[in-house]
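Remarks on the overall topology
So you can see what is in the structure, the chains are spelled out below.
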Amino acid sequence: MALLIRILLPVLLLCSGLLNAAEARFMALSYHEVLDDHAPLTPTAVRASDLARQFSWLRASGFHPVSVDQILAARDGGKPLPPKAVLLTFDDGKKDTYTHVYPLLKLFGYPAVIALVGEWMDVPYDGVVDYDGKPLPRSEFLTWAQVREMQASGLVEVASHSYDLHRGIPANPQGNTQPAATTRLYANGRYEDDAAYLARLRAGLRDSFSQHTGKAPRIIVWPYGRSNGAAQQIARELGMPIGLTLVDGFNDAGTPKRIWGRQLIENSPSLQAFAEMLRVVWEPNPARSVRIDPGSWPVDEDSLSPTLDRLLTLSPNIAFIKPAVERDGREMALFPTKHLPLAADKLNHIAWQTERRAGVPVFIDLPAHWLAQPELVADLGRQVNFAGLRMPASPGDPAAERIRERVERWVWPLQIAYAMTQVPTPEQWARLNERDLVILPAEASLIAAVPREMARRVLFEFDTATRPEAVARQMNRLEADGYRQFGIDGFPESTMTTLFPSLSLRWQPQLP
């Protein structure tokens, strides 16, 4: 009997964990402005009539808006969430939250979270709010009396959208402004150090609400959805263990409270589009990649603009970018660090422009010997905004895990692409995190050895020395066989015309 218990206990614990996760499963929706039907539509707005139709559809379709208290109770083993649970959130604290949203919440009995920016609320009522660089009358935002009324209803929880982090700050010598919560301030030719950055975060997350509402917020709604490990830690220390991001997907008992994801509602979607968002679980687009080496650019020419133009045309969704160059036989960094001489402080500018202008997330392409220099890579995380790291390592490699731990303090979410030369072992596949990838050379023997169930976890990379016509044919074959993730080991201009139809997602329909 004792032996049987030892065998069955892990299985029972696993089943219990899966059951608890299912009982606490919910999707969070991120709304912003709710406009009159005749008002010009902004990118993050929804029309009041559309919101009313969405609320009606939620009820008719068996969805159940829930409160944060209900979610926490379900996570702690209390009453399970109802099926199709939804958390409604409304950011920025515009007055339409009171005039348009609150009446609908009362009509339907729906709970919701509203997220306020302390600095904006502190502006005198006859003053002007700097709303992301756009001056708006303070009268376009909620009053504290309205906030207190909504809170007293029991339907509305007040969250922090930070005190003054909902803005961009100077991020590099080139003049880019980037999210204040995750960016090192660049001023007077210098970057702020760790101590100054962390102190600014702490000040930017301070509570200015409780003196008006009688209750300090327990939720931080990250401006622009951007945070990192350091910011999340400070928020917890300040009494906000719950963090809301803009990472798509469902949340359950296994999702840490500090990083609950939300689906951003944009451009007042049609009811059909809204329904698909909640009812259809779309697979992410397959990864399509290129590799970019700024060290190959002429020193005295602006090669970034033509590179961005080519990225716009090709439309990959990963750009692997090298972080260093070689000059006179010496390795030199493209970002400030005490561990290497500086060639030029331009990697943050390159990465930001690649993301913002070309719409392509950036993975930094780490040299193999950097795996032994975690502090060098930590400096990379401090100075550069990026989505992921490409590492010549295997899942679970101790050096790679040390790198991940150092970098996640400054960059979150962080994806890892493991560049390998052999197909991972079963143990290595098991260590691969949900959002991470394995990169393999696009060789017939390796393609044949990858288990079909791992097709969505591997990206095959083609050598630029191979004739582009042959590469295009092999890409089409991979696509037909269900291996939809691939890229090229470079960014050759001369082959773009031939490869474009096979590599670019602009030619590919989204498949469920």
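Residues numbered from 1 in each chain as written. Predicted model: local features only at pLDDT ≥ 70, side-chain atom pairs only at ≥ 80, totals over all residues. Heavy atoms only, no water.

**What to know about the overall build of the chain**
Across its full length, the chain carries 18 helices and 26 strands. Relative to a compact globule of 512 residues, whose C-alpha radius of gyration would be 24 Å, the chain shows 24 Å and is just as compact. Taking the principal axes of its C-alpha atoms as reference, the chain extends roughly 70 × 65 × 50 Å. Looking at the chain as a whole, 51% of its 512 residues are labelled buried. Partitioning the contacts of the chain with sequence separation of at least 6, the portion at a separation of at least 24 is 65%. Accessible surface, the chain as shown: approximately 23200 Å² in total, 53% of it carbon and sulfur. The averaged location of the 58 negative side-chain charges in the chain is 4 Å from the averaged location of its 54 positive side-chain charges. (Helix = DSSP H or I, 4+ residues; strand = E, 2+ residues; numbered from the N terminus. Rg over C-alpha atoms; globule rule 2.2 N^0.38 Å. Buried < 20%, exposed > 50% of the residue type's maximum accessible area, 1.4 Å probe, protein only. Contact = heavy atoms within 4.5 Å. Areas by Shrake-Rupley, 256 points an atom, 1.4 Å probe, with all protein chains shown as cover. Lys, Arg positive; Asp, Glu negative; His and termini not counted. Charge placed at Lys NZ, Arg CZ, Asp CG, Glu CD.)

**Details of the packing of aromatic side chains**
Throughout the structure, instances matching the rule amount to 17 aromatic pairs. Considering the side-chain rings of Phe 26 and Trp 260, the 5.2 Å spacing of their centres and the 80° angle between planes classify their relative orientation as edge-to-face. One end of the pair, Phe 26, is in strand 1 (residues 26-31); the other, Trp 260, is in the loop between strand 15 (242-244) and strand 16 (263-264), and 234 residues separate them in sequence. In this structure Phe 26 comes out as buried when scored by relative accessible area, which is 1%. When the ring centre of Tyr 163 is taken as origin, the NZ or CZ atom of Arg 206, which lies over that ring, is 3.8 Å away. Directly above the aromatic system of Phe 320 lies the positively charged group of Arg 390, at a separation of 4.8 Å from the ring centroid. (Phe/Tyr/Trp six-rings, centres within 6.5 Å; stacked < 30°, edge-to-face > 60°. Lys NZ or Arg CZ within 6 Å of the ring centre and 35° of its normal.)

**Some thoughts on the sheet that holds strand 18 (residues 318-321)**
In space, the eight strands of this closed barrel follow the order 17-18-21-22-23-24-25-26, with parallel pairing throughout. Neighbour-to-neighbour, the strand axes of this sheet turn through a mean angle of 25°, independent of strand direction. Two elements, strand 17 (residues 288-292) and strand 18, share four bridges in a ladder whose sense is parallel. Bridging from a neighbouring strand, Val 290 pairs with Ala 319 of strand 18. (Pairing = 2+ DSSP bridges. Axes fitted to C-alpha atoms, helices over the stretch in contact; angles between N-to-C directions.)

**Remarks on the confidence of the model for the chain**
The pLDDT averaged across the chain works out to 92; a share of 93% of its residues lies at or above 70. This stretch, residues 1-19, has a pLDDT under 50; its non-local contacts, to residues over four places away or in other chains, come to zero contacts. (pLDDT = per-residue confidence, 0-100.)

**What to know about the nonpolar core**
Counting 81 residues, the largest nonpolar core has Val 290, Leu 366, Leu 380, Phe 386, Leu 389, Met 391 and Phe 460 as the members making the most contacts within it. In this view, Phe 386 contacts Val 362, Ile 364, Leu 380, Gly 381, Val 407, Val 411 and Leu 414; residues no more than four positions away in its chain are not counted. With 36 residues, the next largest nonpolar core counts Leu 88, Leu 155, Val 156 and Phe 274 among its residues. (Core = buried A, V, L, I, M, F, W, Y, C linked by side-chain atoms within 4.5 Å.)

**Quick notes on the pairing of strand 22 (residues 388-391)**
With burial as the criterion, each face of strand 22 is covered, one bearing Gly 388 and Arg 390 and the other bearing Leu 389 and Met 391. Looking at chain direction, strand 21 (residues 362-365) and strand 22 are connected through three bridges and run parallel. Note that in strand 22 the partner of Asp 365 across the bridge is Arg 390. Note that strand 22 and strand 23 (residues 415-419) share four bridges and pair parallel. Bridge pairing in strand 23 links Gly 388 to Gln 415.

**A few points about unusual backbone geometry**
With an omega of -10°, the peptide bond between Trp 412 and Pro 413 qualifies as cis. On the secondary structure map, Pro 413 appears in the loop between helix 14 (398-408) and strand 23. Look at Lys 84: it is not a glycine, yet its phi comes out positive at around 55°. If you trace the backbone, Lys 84 turns up in the loop between helix 3 (68-75) and strand 5 (85-91). The residue Asp 328 is not glycine, and still its phi comes out positive at about 55°. Structurally, Asp 328 is set in the loop between strand 19 (324-327) and strand 20 (330-333).

**Description of the side chain of Thr 213**
As for its position among the elements, Thr 213 is in helix 8 (residues 210-213). At 2.9 Å, the side chain of Thr 213 and the backbone oxygen of Lys 215 are in polar contact. With sequence-adjacent residues up to four places away left out, Thr 213 is seen in contact with Trp 144, Val 147, Arg 148 and Gln 151. (Polar contact = N/O pair within 3.5 Å; in protein donor to acceptor, adjacent residues only side chain to side chain.)

**A word on a negative patch on the surface**
Where like charges cluster on the molecular surface, the negative patch consists of Glu 119, Asp 122, Asp 130 and Asp 132. Along the chain, Asp 132 turns up in the loop between strand 7 (128-131) and strand 8 (134-137). (Patch = residues over 30% accessible without salt bridge, like charges linked within 9 Å, V, L, I, M, F, W, Y side chains within 5 Å. Salt bridge = Lys/Arg side-chain N within 4 Å of Asp/Glu carboxyl O.)

**Digging into the packing of helix 4 (residues 96-108) against helix 6 (residues 144-152)**
Close contact between helix 4 and helix 6 brings their axes to 10 Å; oriented N to C, the two are set at 20°. In terms of axis orientation, helix 4 runs roughly parallel to helix 6. Helix 4 and helix 6 meet at a crossing whose hand is left-handed. In this structure, helix 4 uses Thr 97, Tyr 98 and Tyr 102 to contact helix 6, whose residues at the interface are Gln 146, Glu 149 and Met 150. Counted by class, the contact of helix 4 with helix 6 contains three nonpolar, two polar and one charged residues. (Parallel < 35°, antiparallel > 145°, perpendicular 65-115°, else oblique. Left-handed = near helix turned anticlockwise from the far one by under 90°. Nonpolar A, V, L, I, M, F, W, Y, C, P; charged D, E, K, R; others polar.)

**Some details on the pattern of salt bridges**
All chains considered together, the criterion is met by 21 salt bridges. The closest approach of N and O atoms between Asp 379 and Arg 382, which form a salt bridge, is 2.9 Å. Taken together, the positions of Asp 379 and Arg 382, both in helix 13 (residues 374-383) and three residues apart, correspond to about one turn of that helix. Residue Asp 379 shares its accessibility class with Arg 382, and that shared class is buried. Among the ionic pairs, Arg 390 bridges to Glu 461, the shortest N-O distance being 2.8 Å. Residue Arg 390 is found in strand 22, and its partner Glu 461 is found in strand 25 (residues 458-462); the two are separated by 71 residues along the sequence.

**Concerning the pairing of strand 24 (residues 437-441)**
In terms of burial, strand 24 is largely enclosed, as four of its five residues are buried. Relative to strand 24, strand 23 is paired through three bridges, and the arrangement is parallel. The residue of strand 24 that forms the bridge with Ala 417 is Leu 437. When strand 24 meets strand 25, the two strands line up parallel, connected through four bridges. Within the sheet, the bridge partner assigned to Val 438 lies in strand 25 and is Val 458.

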